[in-house]
Amino acid sequence: MARTLFLSIIFIFTLSAQNSVNYYGKRAFKFNLSHKVKKSFKEKENFYIYRSFITGRKRGVPKELKSAMKNLNLLHLLTPSGLHLSSIFIIFFLIRRKLQSKYIDFTELAISLSIYCFLPGYYSLKRVALLRSLFLGNKQVSNYFSKTQVFLIFLIVDIAFGTFQHSHLSFAYSCLFLGLIFLSKEISTVSLSCLFFSAQVMMAYISHQEITPLSLIFSPALTWIFTLFYPLTFLNLIFIKLFNFSEWIIIAFANIITLVDKIASPLLTQVSWLMLLCAMIINRKTIYLCLGILCIHHFIY
């Protein structure tokens, strides 16, 4: 089945190569925050960081912080994506463990479908919402489809009707991260760290960027910290004018990133074929998906 998935990805992306220029010149829609929310922050740069986490608007985020996050492969945190949505959906996971009610799944399914169908822009977030919807729907029919089949349905639906037309490269990156997670047989903290690092190596290779080996440790750890506090900062938006605790969280997180960058940046290096080969070995259980992502780059770009 993995071989079928690999060939399907290559075939679909090869056929679509003629339309690969459609993305350029288009800008994804992003929400903005009111001036009153900005006034609730003592330092405006903290507001700009918070606004980026919530809306994806990066204007005003300190250049030093963006540079540090780039070095640590954490720039994706500054744009709402599937990671942000998944961290919020942890709330449903906790409620489901307490109540054991089927209506929780239906509520999450309705929210996920609404995000995918009606939310403008935020393509990475919409893709995770679609994939989550498919898994929840499959659960309702007693897991009739395998994980690989659900992932193939996700590819077909999103390419035919969804976000693929807006950014092929963004879609490829989503396929990489989502595929590594959902197509792996066993997931643990260590294996997930290795999978994410190998994905970052491939992305750095494609985009000709440098990467530090220490991101194998720091990037998953900082991402894990982010997923813990993000639901709190997101919900704080409801009453942020009365009590803004998000600014304290943002200051602490920014200081941690700056400190970690000082430790990791001396080891920044350009990705070589040897490092790329090691990344492929780490992902040996999803080797066809990894090869597919690399071929996407060569076919389309």
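The shown structure was predicted, so the numbers you read here are calculated from the model rather than taken from an experiment.

Draft legend 1. Quick look at the nonpolar core. Core analysis: the biggest nonpolar cluster contains 31 residues, and F53, F253 and I257 have the highest contact counts within it. The set of elements that each furnish at least two residues to this core consists of α3 (44–55), α4 (63–71), α11 (215–236) and α12 (246–264). Sort the elements by how many residues they give to this core and α12 lands first, with seven residues. Ignoring sequence-local partners within four residues, the contact set of I257 consists of L65, A68, M69, L72 and L222. Residues L119, F151, F164 and C175 belong to the second largest nonpolar core, which totals 24 residues.

Draft legend 2. A look at the side chain of S133. Positionally, S133 belongs in helix α7 (residues 123–140). Overall, the relative accessible area of 5% leaves S133 in the buried class. Polar contacts involving the side chain of S133 include one to the main-chain amide nitrogen of L113, which spans 3.5 Å. The contact partners of S133, leaving out residues within four places of it in the chain, are L109, S112 and L113.

Draft legend 3. The pattern of salt bridges, seen in detail. Taken as a whole and judged by the stated rule, the model has two salt bridges. D105 is the salt-bridge partner of K139, the closest N and O atoms lying 3.1 Å from each other. One end of the pair, K139, is in helix α7; the other, D105, is in helix α6 (residues 102–118), with 34 residues separating them in the sequence. Linking E108 and R132 is a salt bridge whose minimum nitrogen-to-oxygen distance equals 2.8 Å. Pair noted here: E108 is in helix α6 and R132 is in helix α7, with a separation of 24 residues, a long-range link.

Definitions and limits used
Residues numbered from 1 in each chain as written. Predicted model: local features only at pLDDT ≥ 70, side-chain atom pairs only at ≥ 80, totals over all residues. Heavy atoms only, no water. Core = buried A, V, L, I, M, F, W, Y, C linked by side-chain atoms within 4.5 Å. Buried < 20%, exposed > 50% of the residue type's maximum accessible area, 1.4 Å probe, protein only. Helix = DSSP H or I, 4+ residues; strand = E, 2+ residues; numbered from the N terminus. Contact = heavy atoms within 4.5 Å. Polar contact = N/O pair within 3.5 Å; in protein donor to acceptor, adjacent residues only side chain to side chain. Salt bridge = Lys/Arg side-chain N within 4 Å of Asp/Glu carboxyl O.

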